Structures are given as C-alpha cells and as structure tokens.
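For reference, the chains in residue letters:
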Amino acid sequence: MKSMKNIKSPLLILMALLSFSCSDVLNKEPLDELGDDAFWSDPVLIQYYVNDVYAELLIDSYMLNESRSDNSVTANKEKNKLSELRFNYNIETPTSTNDNIWNDHYEYIRKCNRFLEKIDNAPVEESTRLLQKGQIHFLRAMFYFDLVKRYGGVVLLDKVLTMNDNWNIPRSSEEECYNFILQDLNKAIELLPASWDGKDKGRATKGAAWALKSRVELYTKQYDAVIKSCEEVYKLGYELVDGKTPESYRSIWWSTNKDNKEIIFDKQYKSPDVYNNIMIYHMVTYINNPYGDRGWGGMGPTQELVDEFELKDGGQAPTFSDKSNMGTFDINSTKIYENREPRFYANLVYHGAQIFLKGDKGPVTVDRYLMDTPDKADGSPSGYNVWKWIDYDNYNYPYAGASGQDHSTNWIYIRYAEIFLNDAEARLETNDIQGALKAVNVIRARVGLPDITETNQAKLRELIRKERRLELAFEDHRFWDVRRWRIGDKTQKKLHGLRFTSPTEFRVDEIDSRVWDDRLYLNPIPHDEILRTNIQQNPGF
C-alpha cells in the first residue's frame, strides 16, 4: 500500500497544526476545497467518484506483460536494462521492481473502501446506490486480483485505515485473498445489471462479474466452479464475432465496431477527451516512402508464437524457430506465410502484409528487408509486428509524432471467447473430455478450423493450452498462464525471429535469451514496503 508510514507523518503534522488553530477557524469549510461531508452529500460528485475509480484500470502493463512471455520480444534495444523487463533475465530485485502495481493498487483499493464506507449514508436513490456498490465491488475485485496473481497473498484491507488502527498488518494467505476476491464478485453479481445503455456502456455488468469470477476460479483450480460460472455467462446473450476472414476477426477491435456482442468488459476511449497510446507504441516503425517513420515498434512477436498458427485446413505449418544458424531460406519455396488460418493474418504484420496508413493512398506493402537495416533504432527485432488491436483497416494515420490522432481503440479486458477456453480447461481437468472438446471446438469453428478429436487427457491439455495461446495472444493472458501452469522453465528460453537478407530470402536469428528461476512465479514485494511494514518477502528475493 502506498507509503503507509509516509502517510502517517503528514497527517500527524497536520493534526498538530490544527490543534493550535482557533476554534472558529476549525468550524469553517476551506475556501478552496470541498469538505468531506459536503462531497458525500452530492449525488453528482459521488457518481464522478465512481467514474474516477474506473479511470484507474490499467492497460500499459497489460501490453507490457506480453514481452515478458514467449509471445513477444520488446523493440527496445537495451531491453535488459529496462526495469520492466528485468524479469526476463532473473535480475529483478525488491529494490528494482518492474512496476508500481503494489503502491498504486492500494491507492485504488483505498478509494473503493472509502466509497463503501460512505455510500450507505449518502443521499442517493436506493437503486443508484446498489448499482454503484456493485461496480465498486467488481473494481475492487479486479484490483486485488491484479495484486494476488503477482505477489501471492497480500495485505487484505476492507476499510480505510485511520490513525487509531494498527498499520502493521501481515499478509493474508493466497487462499484467503482469492476468497475475498470471490466474495466481492458474488456481491457484484447480485447488484449489477445485465447491460447498460447509452453513455453508461462500458460499466461493469453481471456478465463481467461472472466472467471474471470464472477466470479467478480457473487460477485457483476450482474447476467445478469455473464450469458453473461459464454456464451463467452463456445465458447472457453474448456472441462470437465471425472470424472466418482476417478482417472479420480483427473487427472485434475496430473502432467502428465498438460494443460488439463478443465484448464482456472493456476500457472505453473516445478521442480527444479520453485516449490511449496503444497504436503509437505498437505500430509498424519504419515504412518505405512516402510514409517514413510511423510508430514505435512495441512488441516483436516471436517465431515461436508464429510457428503455432496452423494452416487453414488444420495442418501443421512450416516451423522455423528451431532453424537458427542454418543459412537462408526462400519465402516462396518455404511458403512460410501461405494458407494460414485467419488468426495468423489477423494478429501479425509480416513481410509482404498490406496495411493501410492512409486510405486514399491505398494499401502499403510491408517490406522487412528495407525496414530492418542496421541504422534503424527501436523497431521490432523479430520481423513481425502486432496487428490484432491496431485498426489499420479503418484509420488514416498521421506521422507518429503528430497531434490530433484518433487514439480511441478500446482495450478489451474480457471477451466471450475466453469463456469457452476457461470452460474447456476446467472440463478437461475434471476429466469431462467430451465437454472440453465441445468448448474448445467452438473457438476453432469460429475461424473455420476443423475440430480437435484428441481424447487423451495429457495430449488434449497441450492442444487446449495452444488454442488459448493463439486466441488470446497479445491480450495479457500468456504471461499469467505460464505462471499458473508452472511452465516457465519451458518458455523462458532462447527466442527467435526472422531477418530478411533480400526481398525474398530470410534467416532465423536468436533475438533474446531468457533466464528462468522458480522464484519468478511471484513478483518481489517492493523493498520500501518491507521496511515500512515488516511484512514477509516472497521466496528467493
């Protein structure tokens, strides 16, 4: 939590100063700020408060996690020096943690706790009060889930601490934390509506709470509960967007297709008032003239991920991640990019792909041979860029540094496809093989792939995990799946990409060499927090 003892000191100083003030001054409202009682007496300000809690939901760290998995390597040339990526090389320490999640999230949780303490005495209509409480319970569950999946058991706070409270609170067990999260989600399910209309679209719904509950239960191996939660989501009218072409699959993320029926919960943007930098961070960096320098390159999808995408008939595509130092290969004879299933073309910008940067100029053919010259700075090191949630299909993009861009692509936290994958995994682990096949094959049928028929549990487990990796690539699942499946030693290894040596020839390069240690299944608690509160550090740190 944010500087618990640092919070104490300023408050003590303030109290001391106030104790010397005249009583008539103390009884007056400050001229330049609204008092606490006045704030919680204003229904409009209370609604703004709820909106402000939504604003705390993250997207940047979600995208960053992909480059801490085997799906991607960052475009930054000095990746091992970035605090955010020290995880990959087992050089992360409690004094150089990879994010500020611990401090920030306890601030957000405090906001939730403060709301829940105040709202029952506030002058708002009962129906509004219940809807607002449902949203806050959902958001607090999200914030705690972000903490627990990183750190294991954390300090559980369900109230705002005062000066009279004990601030040296020990960490609760991981099980206790997950039970708390599930209690919040059960309360959210009870209070939230099935949907919102108009300007309220994007708020948490009953479906979002059931869906997040299924994810939390999957992480905690409560497989029967996962199945029940997924069944509840199935009843709520969500649909899979058709994905039999790359364009139709990508339309899930199109700014022209917001609020489609596959989306269960997202963070909504509308430029210029509320915008994000998803596109600039991850757009293709160097495009041949007349387009010049575009985005920042962001993620570099690995050849290991690329190799997983099947042919459109379900057959094995040619693999190259195991062919470094084996000379050059011809793009035409190898057919490396031919006849792949739709998600390959929907997810990846590859050599020869056609993207739109300015619709009136027609499509631009991506030429990695021209782009990947030694003088280039922070471009993708792998020969690939992300396409999935970058709306090249519809936008006219200006130069990356220009002002006034329409950066209004929504970030989808939960979509309907995940529910089938959660269900498939849970049914597999309860030995319901046919139920698992039925669920996973819904995902494959959506993109025109043939059904999986494997009935051996161990082999089917690998196929379901592969399907999850491909369907949810670049959506902040792979990093956490690797951790909960305890397969870090298999995935954090040497990773590969392509380097084009001519317009039609390429070689396979090692682009990153990861280091694994089992301590990395959890993040270290920030060192400052250990000093302030004397809570227990995670093993190995």
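Residues numbered from 1 in each chain as written. Predicted model: local features only at pLDDT ≥ 70, side-chain atom pairs only at ≥ 80, totals over all residues. Heavy atoms only, no water.

**Description of empty space enclosed by the protein**
Tallied over the entire structure, the rule returns three cavities of 30 Å³ or more. Space inside the second largest cavity adds up to approximately 40 Å³. What lines the second largest cavity is simply Ile 252, Trp 253, Trp 254, Lys 258, Ile 263, Asp 266, Asn 410 and Ile 412. Grouping the constituent residues of the lining of the second largest cavity by class yields five nonpolar, one polar and two charged. (1 Å grid on protein atoms, 1.4 Å probe; cavity = no way out; pocket = protein on both sides within 12 Å on 5 of 7 lines; lining within 4 Å. Points joined across faces, edges and corners; volume = space filled by probe spheres on them. Nonpolar A, V, L, I, M, F, W, Y, C, P; charged D, E, K, R; others polar.)

**So, helix α18 (residues 433–446)**
When the terminal C-alpha atoms of α18 are compared, their 20 Å separation across 14 residues agrees well with the 20 Å that a helix rising 1.5 Å per residue should span. Where α18 is concerned, the buried positions are Ile 433, Gly 435, Ala 436, Leu 437, Ala 439, Val 440, Asn 441, Ile 443, Arg 444 and Arg 446. Here the buried face of α18 lies against α11 (246–250), α15 (342–347), β11 (411–415), α17 (416–429) and α19 (457–471). At the exit of α18 stands Gly 448, carrying a positive phi of roughly 80°. (Helix = DSSP H or I, 4+ residues; strand = E, 2+ residues; numbered from the N terminus. Expected span 1.5 Å × (residues − 1). Buried < 20%, exposed > 50% of the residue type's maximum accessible area, 1.4 Å probe, protein only. Contact = heavy atoms within 4.5 Å.)

**Re the packing of α17 against α19**
Working note: a packed helix pair is described by the angle between its axes plus the distance between those axes. Between α17 and α19, the shortest axis-to-axis distance is 10 Å and the interhelical angle comes to 165°. Comparing the axis directions of α17 and α19 gives the class roughly antiparallel. The two elements α17 and α19 meet at a crossing, and its hand is left-handed. Of the residues in α19, those in contact with Ala 417, Glu 418, Leu 421, Asn 422, Ala 424, Glu 425, Leu 428 and Glu 429 of α17 are Gln 457, Leu 460, Arg 461, Ile 464, Glu 467, Arg 468 and Glu 471. (Axes fitted to C-alpha atoms, helices over the stretch in contact; angles between N-to-C directions. Parallel < 35°, antiparallel > 145°, perpendicular 65-115°, else oblique. Left-handed = near helix turned anticlockwise from the far one by under 90°.)

**With respect to the packing of aromatic side chains**
Scanning all chains against the criterion turns up 35 aromatic pairs. Site record: aromatic cluster; members linked through ring pairs are Phe 309, Tyr 337, Phe 344, Tyr 345, Tyr 350 and Tyr 384. Stacked on the ring of Phe 145, the Lys or Arg Lys 149 has its end atom at 4.9 Å from the ring centre. (Phe/Tyr/Trp six-rings, centres within 6.5 Å; stacked < 30°, edge-to-face > 60°. Lys NZ or Arg CZ within 6 Å of the ring centre and 35° of its normal.)

**Quick look at the side chain of Asn 538**
By the secondary structure assignment, Asn 538 is in the segment after α22 (527–533). Separated by 3.2 Å, the side chain of Asn 538 and the backbone oxygen of Tyr 151 make a polar contact. Among the polar contacts listed, one links the side chain of Asn 538 to the side chain of Arg 171, at a separation of 3.0 Å. Asn 538 has contacts with Tyr 151, Arg 171, Leu 522, Asn 523 and Ile 525, leaving out every residue within four places of it along the chain. (Polar contact = N/O pair within 3.5 Å; in protein donor to acceptor, adjacent residues only side chain to side chain.)

**Considering the sheet that holds strand β6 (residues 328–330)**
Taken together, the three strands give an open sheet; going across it, the order is β6-β13-β12, and neighbouring strands pair in antiparallel fashion. At either end of the open sheet lies a strand with only one pairing partner, and these are β6 and β12 (494–500). Recorded for the sheet is a direction-independent mean angle of 40° between the axes of neighbouring strands. (Pairing = 2+ DSSP bridges.)

**Some points on unusual backbone geometry**
Phi is positive for Lys 335, close to 55°, though the residue is something other than glycine. In this model, Asn 534 sits at a positive phi of 65°, which is unusual for a non-glycine residue. Take Asn 534: its relative accessible area is 69%, and that puts it in the exposed class.

**Let's talk about the confidence of the model for the chain**
Detailed reading of predicted coordinates is not advised where the pLDDT is low. Within the chain, residue pLDDT values average 87, and 83% of them lie at 70 or more. The model gives residues 1–29 a pLDDT under 50, and that stretch makes 30 contacts with residues more than four places away or in other chains. Predicted confidence is poor over residues 398–404, with pLDDT under 50, and the contacts of this stretch with residues over four places away or in other chains come to ten contacts. (pLDDT = per-residue confidence, 0-100.)

**Regarding the environment of Glu 338**
Along the chain, the position of Glu 338 falls in the loop between α14 (331–334) and α15. Residues Glu 338 and Pro 318, 20 residues apart in the sequence, show an inter-C-alpha distance of 9.8 Å. When sequence neighbours within four positions are dropped, the list of residues in contact with Glu 338 reads Leu 311, Asn 332 and Tyr 345.

**Observations concerning the pairing of strand β2 (residues 263–267)**
Across the five residues that make up β2, a large majority, five, are buried. Here four bridges tie β2 to β11, and the two strands are oriented antiparallel to one another. Across the sheet, the residue bridging to Phe 265 is Ile 414, located in β11.

**Points about the nonpolar core**
Phe 138 and Phe 265 are the most contacted members of the largest nonpolar core, which totals 136 residues. Of the residues forming this core, the biggest block, eleven residues, is contributed by helix α7 (residues 126–151). Those residues in contact with Phe 138 that sit more than four places away from it in its chain are Leu 185, Ala 188, Leu 192, Ala 204, Ala 208, Ala 209, Leu 212 and Phe 265. (Core = buried A, V, L, I, M, F, W, Y, C linked by side-chain atoms within 4.5 Å.)

**With respect to the packing of helix α8 (residues 174–191) against helix α9 (residues 206–219)**
Their axes nearest at 8 Å, the elements α8 and α9 cross at an angle of 160°. Overall, the two elements α8 and α9 adopt an arrangement that is roughly antiparallel. Once α8 is placed against α9, the crossing between them reads as left-handed. Residues Tyr 178, Ile 181, Leu 182, Leu 185, Asn 186, Ala 188, Ile 189 and Glu 190 of α8 form the contact with α9, whose own contacting residues are Lys 206, Ala 209, Trp 210, Leu 212, Lys 213, Val 216, Glu 217 and Tyr 219. Broken down by class, the residue content of the contact of α8 with α9 amounts to eleven nonpolar, one polar and four charged.

**Structural notes on the environment of Ile 46**
By the secondary structure assignment, Ile 46 is in helix α4 (residues 43–55). Placed 77 residues apart in sequence, Ile 46 and Pro 123 show a C-alpha to C-alpha distance of 9.8 Å. Excluding anything up to four places from it in sequence, Ile 46 contacts Phe 39, Trp 40, Phe 115, Ile 119, Ala 122, Val 124 and Gln 132.

**Points about the pattern of salt bridges**
Within the structure shown, the criterion is met by 47 salt bridges. The partner of Asp 36 in a salt bridge is Arg 114, and the shortest N-O contact between them spans 2.1 Å. One end of the pair, Asp 36, is in helix α3 (residues 36–39); the other, Arg 114, is in helix α6 (residues 101–118), and 78 residues separate them in sequence. Note on Asp 36: relative accessible area 29%, which makes it partly exposed. (Salt bridge = Lys/Arg side-chain N within 4 Å of Asp/Glu carboxyl O.)

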